[in-house]
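Examining the three-dimensional arrangement
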Amino acid sequence: MIRGWYIGASGMNAQQNRLDTISNNLANVDTTGFKKDIPVSKEFSELLLRRTQADGLYKVPGGSCDVAPIIGSIGLGVETNEIFTDFQQGSFKNTDTKTDMALAGEGFFAVQTPAGERYTRNGNFHLGKEKILLTKEGYPVLGENGPIHVEDDKFFVNQDGMIYNKEDNALVDRIKVVRFENERYLKKQGSSLWDTNDIAGAPHIAEGDERPRFLQGYTETSNVNVVNEMVQMIEVNRAYEANQKTVQTEDSMMDTLWSKVATVNR
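This section reports on the structure supplied with the text. Just so you know, these numbers come straight off a predicted model, no measurement behind them.

Reading the values: rules and limits
Residues numbered from 1 in each chain as written. Predicted model: local features only at pLDDT ≥ 70, side-chain atom pairs only at ≥ 80, totals over all residues. Heavy atoms only, no water. Patch = residues over 30% accessible without salt bridge, like charges linked within 9 Å, V, L, I, M, F, W, Y side chains within 5 Å. Areas by Shrake-Rupley, 256 points an atom, 1.4 Å probe, with all protein chains shown as cover. Salt bridge = Lys/Arg side-chain N within 4 Å of Asp/Glu carboxyl O. Helix = DSSP H or I, 4+ residues; strand = E, 2+ residues; numbered from the N terminus. Buried < 20%, exposed > 50% of the residue type's maximum accessible area, 1.4 Å probe, protein only. Pairing = 2+ DSSP bridges. Contact = heavy atoms within 4.5 Å. Core = buried A, V, L, I, M, F, W, Y, C linked by side-chain atoms within 4.5 Å.

1. A word on a nonpolar patch on the surface
Where nonpolar side chains cluster on the molecular surface, the patch consists of L257, W258 and V261 and spans about 300 Å² of accessible area. Position of V261 relative to the elements: it lies in helix α2 (residues 226-265). Since its relative accessible area comes to 39%, V261 is described here as partly exposed.

Right, here's the structure in full:
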């Protein structure tokens, strides 16, 4: 009976994690380049119940047999296995701002931060005082030759990420876009930034068919669907209440059991 408390409590914890993730998705519905998270749950290993008493034996010429040695299985609850990020492409928003860029396809912009090189899908850039292309947080956007220096915001970017000055049509640099062996294991760092690890693999510059197409004057919107998230929130609330009622029922049953035992012992 006590096991029921833990099973119900594990379900409540899992639904709380789902609710936290959904809330974060909804809070970032207007964040440029945001990728929604999906909580993945798994059940604890089931136990197989087997009768230990030999009351089901019957005699046969060769010995004896058990009528039903196995009673059945019992679940032990659920837990959050991982928070999976959905990298599905968001839609494009026209800003008519030359410093804004969007990636049509998989890949990440590379930016230089105090903690080292980080990666983002947020192409809402601006031109700094030192004529360096920067993110909203002030981190330099990297080209394949380092931070990108441009004279003004009148530059042109082609679909391959080549940056040209408007006045003399001279090539400035090519925007550094990287890919990873296992992108699903990248870790969010906040401020629309991502960091790699041993599982995701080292970054490599995207070339050929794996290089996304650049759209200048556009930004990529969040891939969060508000309606779907709200529906899931309702499902989470109902599942949480169901687990809560399970715990309350177990508590009521245990209270009755203790009351009966106490009465008999008197």
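2. Regarding the sheet that holds strand β15 (residues 156-157)
Taking strand neighbours across the sheet as the criterion, the three strands line up as β15-β16-β17 in an open arrangement whose pairing is antiparallel. Only two strands of the sheet have a single partner each, and these edge strands are β15 and β17 (171-174). Relative to strand β16 (residues 162-164), β15 runs antiparallel, the two being bridged by two bridges. Its bridge partner being in β16, V157 is matched across the sheet by I163.

3. Some points on the side chain of T32
Relative to the helices and strands, T32 resides in the loop between α1 (2-27) and β1 (37-43). Residue classification places T32 among the buried positions, given a relative accessible area of 16%. Among residues more than four places away in sequence, those in contact with T32 are N122, G123, S192, T219 and E220.

4. Here we look at the sheet that holds strand β19 (residues 187-190)
As summarised here, the arrangement of the six strands in space is β19-β20-β10-β9-β18-β21, forming an open sheet in which the pairing is antiparallel. Bordering the open sheet on either side are β19 and β21 (204-205), each of which pairs with just one other strand. Pairing of β19 with strand β20 (residues 193-195), which is carried by three bridges, proceeds in the antiparallel orientation. Within β20, the residue paired with K187 across the bridge is D195.

5. Quick word on the nonpolar core
Ranked by internal contacts, the top residues of the largest apolar core, which has 17 residues, are M101 and I175. Once residues within four sequence positions are removed from consideration, M101 is found in contact with F109, G123, F125, L133, F155, V157, I175, L215, Y218 and T219. Core analysis: the second largest hydrophobic core is formed by nine residues, A110, L142, W194 and A200 among them.

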